[in-house]
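Take a look at the letters that make up each chain.
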Amino acid sequence: MTIDKQTIDKVANLARIAIEDKEVDTLMADMNKILTFMEKLNELDTTGVAPLVYMNTEENVWREDQVKQEITVAEGLKNAARHNENFFMVPKIIEK
């Protein structure tokens, strides 16, 4: 398969991009190089080669969540600009 001006125009129209006439020759050459490379890749024998889904074979090891009380409420609120006994107080940002 080779790319011609009509194919370039059709692809540009489908992609909704504007291509100037002076760019068509360069694009045709580049796209034909890409197709030639793809045809060369299709010649390779990939029998027995597993498809690459992930870059490594490691799997995630999940652990059960455990609730812990790492800091107290007072320690969590000690650097807050404004707070009451249990909550941070922030300025209202949404008006009704």
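1. What about the overall build of the protein chain?
1) Next: Scanning the protein chain from terminus to terminus reveals three helices and zero strands.
2) Next: Its helices and strands in sequence order give the protein chain the pattern α-α-α, from N to C terminus.
3) Next: Whereas a compact globule of 96 residues would reach a radius of gyration of roughly 12 Å, the protein chain reaches 30 Å, over 25% beyond that.
4) Next: Along the first, second and third principal axes, the C-alpha set of the protein chain runs to 75 × 50 × 20 Å.
5) Next: Burial status across the protein chain gives 6% buried among its 96 residues.
6) Next: Contacts in the protein chain between residues at least 24 apart in sequence constitute 28% of all its contacts with a sequence separation of at least 6.
7) Next: Only carbon and sulfur atoms are counted for the fraction: they give 56% of the accessible area of the protein chain, which is about 10,000 Å².
8) Next: Taking the 12 positively charged and 18 negatively charged side chains of the protein chain as two groups, their mean positions are separated by 10 Å.

2. Side note on unusual backbone geometry
1) Next: Phi angles above zero are rare outside glycine, and arginine 16 is one such case at about 60°.
2) Next: Note that arginine 16 resides in the loop between α1 (5-15) and α2 (21-42).
3) Next: By relative accessible area, which is 68% here, arginine 16 ends up exposed.

3. A closer look at a nonpolar patch on the surface
1) Next: There is a patch of nonpolar side chains on the surface, built from Ile34, Phe37, Met38, Leu41 and Leu44 and spanning about 490 Å² of accessible area.
2) Next: For isoleucine 34, the position within the fold is in helix α2.

How each quantity is defined
- Residues numbered from 1 in each chain as written.
- Predicted model: local features only at pLDDT ≥ 70, side-chain atom pairs only at ≥ 80, totals over all residues.
- Heavy atoms only, no water.
- Helix = DSSP H or I, 4+ residues; strand = E, 2+ residues; numbered from the N terminus.
- Rg over C-alpha atoms; globule rule 2.2 N^0.38 Å.
- Buried < 20%, exposed > 50% of the residue type's maximum accessible area, 1.4 Å probe, protein only.
- Contact = heavy atoms within 4.5 Å.
- Areas by Shrake-Rupley, 256 points an atom, 1.4 Å probe, with all protein chains shown as cover.
- Lys, Arg positive; Asp, Glu negative; His and termini not counted.
- Charge placed at Lys NZ, Arg CZ, Asp CG, Glu CD.
- Patch = residues over 30% accessible without salt bridge, like charges linked within 9 Å, V, L, I, M, F, W, Y side chains within 5 Å.
- Salt bridge = Lys/Arg side-chain N within 4 Å of Asp/Glu carboxyl O.

Purely spatial values, then, with no claim about function.
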